[in-house]
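Now for the letters of each chain:
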Amino acid sequence: MAEDKKPNKPVKKAAGPKQGEPPKKPPANVEAPKDDFDDNIRLGLDADRVMKVAGGVGAVSLVACLGLGFTGDAKRFMFAYLTAYIWILSIAIGALFWVTLQHLVNANWSIVLRRVAELMAQNMPLMALLALPILVPTAMGNDSLYIWVNHETVHADHLLHHKAPYLNVTFFLIRCAIYFGFWVLLSRYLFQTSVAQDQSKSPGDLAKRMQGLSAPSMILLALTLTFAAFDFLMSLEPAWFSTIYGVYFFAGCVLSFNSLFALTLMWLQKQGRLVKSVSVEHYHDIGKMMFGFTVFWAYIGFSQFMLIWYANIPEETFWYKMRFTGDWRTVSAILLVCHFVLPFLGLLSRHIKRNKKTLGFWAVWILVLHYVDIYWLVKPSLHEETLPTGDLLLDVTAIVGMLGLFLAGAAYQAKKVRLVAVGDPRLPKSLAFENF
Amino acid sequence: MADKKKDSDQTEHAEGEAPLHGLLAEYDSTAALIAASKKVRDAGFEKWDTYTPFPVHGIDGAMGIKMTKLPWIVLGAAITGLTTAILMQWWMNAVDYKYIISGKPFWSIPASVPIYFELTVLFSAFAALGGMLALNNLPLPSHPLDLKERFAKVTDDKFFLMIQAADAKFDERETRALLEGTHPTVLDVVLEDRTSPSKLPTGLVYGLLIVATASLIPFAFIAKARFAKSEKTRVHVVGDMDWQLKFQAQQAHPFFADGRAERPEIPETVAVGHLREDDHLFRGKEQDTWARTFPTSIEPSADALERGKEKFGVYCAPCHGFAGDGDGPISVRAQELAEGTWVPPTNVHQDYLRQMPVGQLFDTVTHGIRNMAGYGQLIEPEDRWKIVMYLRALQRSRQTSVDDVPEAERGALK
Amino acid sequence: MAAISDVNPFVQPPKGDNDFARVTDNVSRIAEVNRPPRAWYIAFGISTSLLGLFGISVAYLFWEGIGIWGNMNPSYWGFPIVNFVFWVGIGHAGTLISAILYLMRQTWRTAINRFAEAMTIFAVICAAVFPGLHVGRPWLPYWMFPIPNQMQMWPQFRSPLEWDVFAVGTYATVSLLFWYMGMIPDLATFRDRSTSPLRRALYGAFAMGWRGSSRQWHRYERAYLLLAALATPLVLSVHSVVSFDFATSQMPGWHTTIFPPYFVAGAIFGGFAMVVTLAVPARQFFGLKRIITINHLELMSKIILATGMMVGYAYGMEFFIAWYSGSAYEGFALLNRAVGPFAWSYWAMIFCNVVTPQVFWFKSMRRNVWVIFFVGVLVNIGMWFERFVIIVTSGSRDFLPASWGYFIPTAWDFATLAGSFGLFFTLFLLFCRYLPMVAMAEVKAFVPAAHASGDHH
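**So, helix 11 (residues 245-270) of chain A**
All names here are of chain A.
Next, step 1: Its 26 residues give helix 11 an end-to-end C-alpha distance of 38 Å, which sits within 8% of 38 Å, the value for a rise of 1.5 Å per residue.
Next, step 2: Among the 26 residues of helix 11, 23 are classified as buried, and the element is accordingly described as predominantly covered.
Next, step 3: Downstream of helix 11 by one or two residues, Gly-272 has phi in the positive range, about 85°.

Right under this line is the structure:
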């Protein structure tokens, strides 16, 4: 995209409607009508379609995955399932974080997008359900995933014995109950209040109430997210520890959510929804988040690596050594190049962030690489040196299953509500929003 | 075009007065300025500009300003900065001045990342400011608009638009009419600046030249010192660091009769804890022959053997191996490298070592033998004896029969 | 004032009730009046006295050597490094406000960004002084730069301390460029208003002939955006690199992976606290209440609260992982902070950094300037203690109990610390007196009149 040929945005405005973009947004100072909103903001029958197709494919795929798990090697199944589960869970947590953050900072630009993110965050009960194949065997004392479940292993290992007050089945289940309980409650509350705002006579008060709640919620969200990362991921290698681990996981959550968010909005617009409300400016901002968190992920990942590599203490370096030997060395290199260098260069230009096709490409790219990242976190604990390529079918069925159910879950919620928080007093600002 | 401009100058202005530079319109609000800009843009002018106290939102489009090249300049600088950082660290630490530090490779990529980043940003930042100034033709000391007193308000609260007479489409009457149609609060002519001196004052130029030359003098001295030889010793900046108030070894001392600062041991004296009379305990000898028994203070016991095992593991096992077969990790590694100079450590299970008196084994531990270093400085005598005791146990372990096991515990062997 | 606070924050971001001329006048007058307010003279007198103390301390240090300080085996990194990290931290808020808040379109930052940037530069100057003093031979710090020299040696780039030289050096340079570039249009305003030829020449020279051309504004804004985009990761990198000084070591209490983001959050926290500490008196004495409104202070209080929580999160993670790791040394180091001989400093830090910002949960506290000022001062103290806790407790209790000791600062340590405040405030007060304290051009771009046209939305 040659820079000089492309007139900058005010010229476009003067010249008329933007080329190849949705028609003009309503003018800024016109109050958005509440009930006859000037756009298609109901998912309607398409919601059923998504539920049927995505839900059907997802359910079949997940059943297939579970079937393979019951007939095949339990350990391999558990690790494949956990990888896919963490991938989808990180997106759901990312959605919940994003919604809470918009309330916390009283953001204007994002109001028109907020409902879609709220719908994605509504999958928290589903997430709790999908966690059962991990939690039930663990509760029953199966140590194929977490070796600290086994009393004898713990007894024989001094370090595990030391950690037993934290890493034990009962406390683990209690913590999971707290995480999911909090996430479900928070996402439900923010969603229901936001829906109530659509009809409310005092939407400003509701907005204030949500903002007030978002501050303490953010603290709890930070803590639950961190400890969930410790419990589900870091304790796979119970001897290893890293204080930054929660932040690393958080970076992945926000990054993958923004990518799926952009893709969802693109799909909705393709279906003729939100065509007038969501503009290239909003995509630009989501693109900036993707870019920013690509850098942030690299910053956190590099900080963790640098400190462990430099200090060179065996009790920490073994974790990286596992990932730097055999096939995992290649995966590490792929993460560096494809999870950071390429998307960094690819998303640098504003033209790419303002073009749906290129942004969509990078969104898919990031979602795939985010899976590779989780894969790299989870699987070396079971498969040393070599990649478990034999588990490909397990991996794919688990991903497809969970993604399908995730989308179906969001569509199910979307059926009942508008796709835009039409009642929010900040909506006109969001519609008129422009980048500099 | 030049002719036309000259014509209009002559017709409109008296002889001798400065030529026309352009027409200046003043506005009160951003809205009026933007509306005017659109008109001027659509009229096809090129050499014109608006002047505002702050960046007016939307003016770029209204004036048809093209996106600047600045991002590309900055990108170029970023790449230069990154390349510089890579080459600099590689050359300085991996080629020209190699220095092993904390076990890191000479050219260590993770450890050089922070400086890659910093220099990339540093170069880019200079390019952003420098590029902006260069593209904007700044610094620009004087401008015809400076002669207009009202123009000083441009940095306060007024908005201006000026069309230059140099523009191809400029015609004083028509352009004036066009600008009047935009309802400016004031419409004025701007004349070329003939009053400001076109050159810097000579005094200032010479002054700057002298200062610039003088500023090179310190560098000249540094360059001279870099290559010249000198008979003088270096400057001692902190004297009390270089000449400390203490006597060092081999220095003269005026106080003592022999004039030495380093004092010899005083004859007929022994320092506390250094007497070491007991030949058996400290030297492993009884009446000048190697002792065949352990000193009385070293009682055989499970504790003593445990201690001996620990010390053997620390000091002996690296070469001799944990079982004493001469296959410790150092030896194994040395044989792997096969560099040809390695004398393999002794296998302690050989017959002559089994027969060797414990006193002689103790002496070997203390003073070493052949390639083996002495460990007397590192291990206390009691511990050396315990090592010998453990060694004896190791040797015995290869020579046992089932009869050595107490009757009661033989069952465990089955 | 009442009218401003009644504005619905959902519709209108907080801003003063200004028009263009009033903004120009309010800000320019500060530098144009013949006599600044008496408070300025008092503050300047105190600052220059402290600066004198700094001069004496440094002169005596050069004369006598660093033995005059309390740094002694095993705590070699006493006050000088504590002060260094403290000042670098203070220096973060300025660029954060300028760059990150700019990228996040927080338009309210225009009221405070200029003097926060100035604060950054002066704080970085104070910071850079300390490692220079700490090397003990102040004529040799050029060894840290890759300059060809008579020893035919190069700096050692695998050392975190060398990264620091580049990180702090780059940060100081880029902050200076950013500050200067932001000031160009305002210097032009000063030039155009000045009545004396000397002022006109000086401001004019630094304004470089800026005349507000829109074609120039276009490139200027792009350059500003680029600098902001460059400065944002730079802010993160600087304190991350400072944290590497500690965290790449194996020292218990220093080697923990959360250090980089934790240091950055702490720096922003301390930096914002310093901004409010300066902003409250500045608006009081220079009549800037219309521009730096109570709404601005409230927003800054919220940021202090948020970053305070982040710092609290890091304190918590350190403790949890110290236990969870099962490393005896790590566990001891953390326990030693809380109950060891330096426990007083640890609890002072917790009180100042974690407890006091909690008052900002209450709106009435966030809108009370004196509460804000007081919390700001306490947070500054707390952040100084944070560095003290990290550096001194770990340093004085390393792996070898035989070399444990207690750190006792000397009078010269305190004199140098107090003196560095003198340096900082002297520079800051001179800035208030002679340079545009508020980014006039940026404030004007956001006053209601700038958007009166309506048709360009």
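**Digging into the nonpolar core**
Next, step 1: Counting residues in hydrophobic clusters, the biggest one holds 333 residues, and the most contacted among them are Tyr-85, Trp-183 and Phe-232 of chain A.
Next, step 2: In terms of nonpolar packing, the next biggest core, distinct from the first, is built from 21 residues, Phe-312, Leu-361, Val-365 and Trp-385 of chain B among them.

**Quick word on a nonpolar patch on the surface**
Residues and elements named next belong to chain B.
Next, step 1: There is a patch of nonpolar side chains on the surface, built from Leu-87, Trp-90, Trp-91, Val-95, Ile-100, Phe-106, Trp-107 and Ile-109 and spanning about 770 Å² of accessible area.
Next, step 2: Top element by residues in the nonpolar patch is helix 4 (residues 70-96). It accounts for 4 residues.
Next, step 3: Assignment of secondary structure puts Val-95 in helix 4.
Next, step 4: The partly exposed category is assigned to Val-95, whose relative accessible area is 37%.

**Brief notes about the sheet that holds strand 1 (residues 20-27) of chain B**
Residues and elements named next belong to chain B.
Next, step 1: The strand order 2-3-1-4 describes an open sheet built from 4 strands, whose pairing is antiparallel. This sheet does not close on itself; its edge strands, each paired only once, are strand 2 (48-51) and strand 4 (186-191). Taking the axes of each pair of neighbouring strands and ignoring which way they run, one obtains an average angle of 20° across the sheet.
Next, step 2: As paired elements, strand 2 and strand 3 (residues 159-164) share 4 bridges and run antiparallel to each other.

**Re the confidence of the model for chain C**
Next, step 1: Residue-level pLDDT values for chain C average 87, and 95% of them are 70 or greater.
Next, step 2: When the criterion is pLDDT under 50, residues 1-17 of chain C qualifies, and its contacts beyond four places in sequence or with other chains add up to 32 contacts.

**A short note on the interface of chain A and chain B**
Next, step 1: Each partner contributes to the interface: chain A provides 14 residues, whereas chain B provides 20 residues.
Next, step 2: Summing the contributions of chain A and of chain B, the shared interface buries around 1400 Å²; its carbon and sulfur component is 65%.
Next, step 3: On inspection of chain A and its partner chain B, the count reaches 0 salt bridges.
Next, step 4: The interface formed by chain A and chain B holds 1 residue pair in polar contact (both at pLDDT 80 or more) in total.
Next, step 5: Of all the secondary-structure elements, those providing two or more residues to the side of chain A that touches chain B are helix 1 (9-15) and helix 12 (280-311) of chain A.
Next, step 6: It is helix 12 of chain A that provides the largest number of residues to the side of chain A that touches chain B, a total of 5 residues.
Next, step 7: By residue class, the composition of the side of chain A that touches chain B is 9 nonpolar, 1 polar and 4 charged.

**Considering the interface of chain C and chain B**
Next, step 1: If you look at the interface, chain C gives 63 residues, while chain B gives 72 residues.
Next, step 2: Carbon and sulfur atoms supply 66% of the area that chain C and chain B bury against each other, a total of about 6100 Å² over both sides.
Next, step 3: Linking chain C with chain B are 1 salt bridge, by the criterion used here.
Next, step 4: Of the charged contacts in the structure, one is a salt bridge between Arg-211 of chain C and Asp-146 of chain B, with a shortest N-O distance of 2.7 Å.
Next, step 5: Of all the secondary-structure elements, those providing two or more residues to the side of chain C that touches chain B are helix 2 (20-32), helix 7 (160-193), helix 9 (214-247) and helix 17 (440-446) of chain C.
Next, step 6: In terms of residue count, the dominant contributor to the side of chain C that touches chain B is helix 9 of chain C (18 residues).
Next, step 7: Looking at side-chain class alone, the side of chain C that touches chain B contains 33 nonpolar, 18 polar and 12 charged residues.

So, how was this worked out
The residue numbering used here restarts from 1 in each chain and proceeds along that chain's sequence as written. Both sets of labels track the order of writing: A upward for chains, 1 upward for ligands. The predicted nature of this model means local features are confined to residues of pLDDT at least 70 and side-chain atom pairs, given and counted, to a pLDDT of 80 or more, with totals for whole chains, interfaces and linings taken over all residues. Processing note: side-chain calculations cover all non-hydrogen atoms of the structure and skip hydrogens and water entirely. Helix numbers and strand numbers start at the N terminus; a helix is a DSSP run of H or I with at least 4 residues, a strand a run of E with at least 2. The length a helix should cover is 1.5 Å for every residue beyond the first. Note on classification: 1.4 Å probe, protein chains only; a residue is buried when its accessible area is under 20% of the maximum for its type, exposed when over 50%, partly exposed between these limits. We call a set of buried Ala, Val, Leu, Ile, Met, Phe, Trp, Tyr and Cys residues a nonpolar core when their side-chain atoms join them within 4.5 Å. Patch membership is restricted to residues that have no salt bridge and whose relative accessible area is over 30%. Joining uses 9 Å for like charges and 5 Å for the nonpolar side chains Val, Leu, Ile, Met, Phe, Trp and Tyr. Values of accessible area rely on a 1.4 Å probe in the Shrake-Rupley scheme; residue burial ignores everything except the protein chains shown. When a carboxyl oxygen of Asp or Glu lies within 4 Å of a side-chain nitrogen of Lys or Arg, that pair is called a salt bridge. For two strands to be treated as a pair, DSSP must find at least two bridges joining them. Orientation is described by axes fitted as lines to C-alpha atoms, over the contacting stretch for helices, and by angles from 0 to 180 degrees between their N-to-C directions. Per-residue confidence from the predictor is reported as pLDDT, a score between 0 and 100. In this analysis, two residues are considered to be in contact whenever any of their non-hydrogen atoms come within 4.5 Å of each other. Computed with a 1.4 Å rolling probe, the buried area is the accessible surface lost when two parts are put together, summed over both parts. Distance and chemistry together define a polar contact, namely a pair of N or O atoms within 3.5 Å, with one atom able to donate a hydrogen and the other to accept it when in protein, and with adjacent residues in sequence counting only for side-chain atoms on both sides. Lys, Arg, Asp and Glu make up the charged group, whereas Ala, Val, Leu, Ile, Met, Phe, Trp, Tyr, Cys and Pro make up the nonpolar group; the residues left over, Gly among them, are polar.

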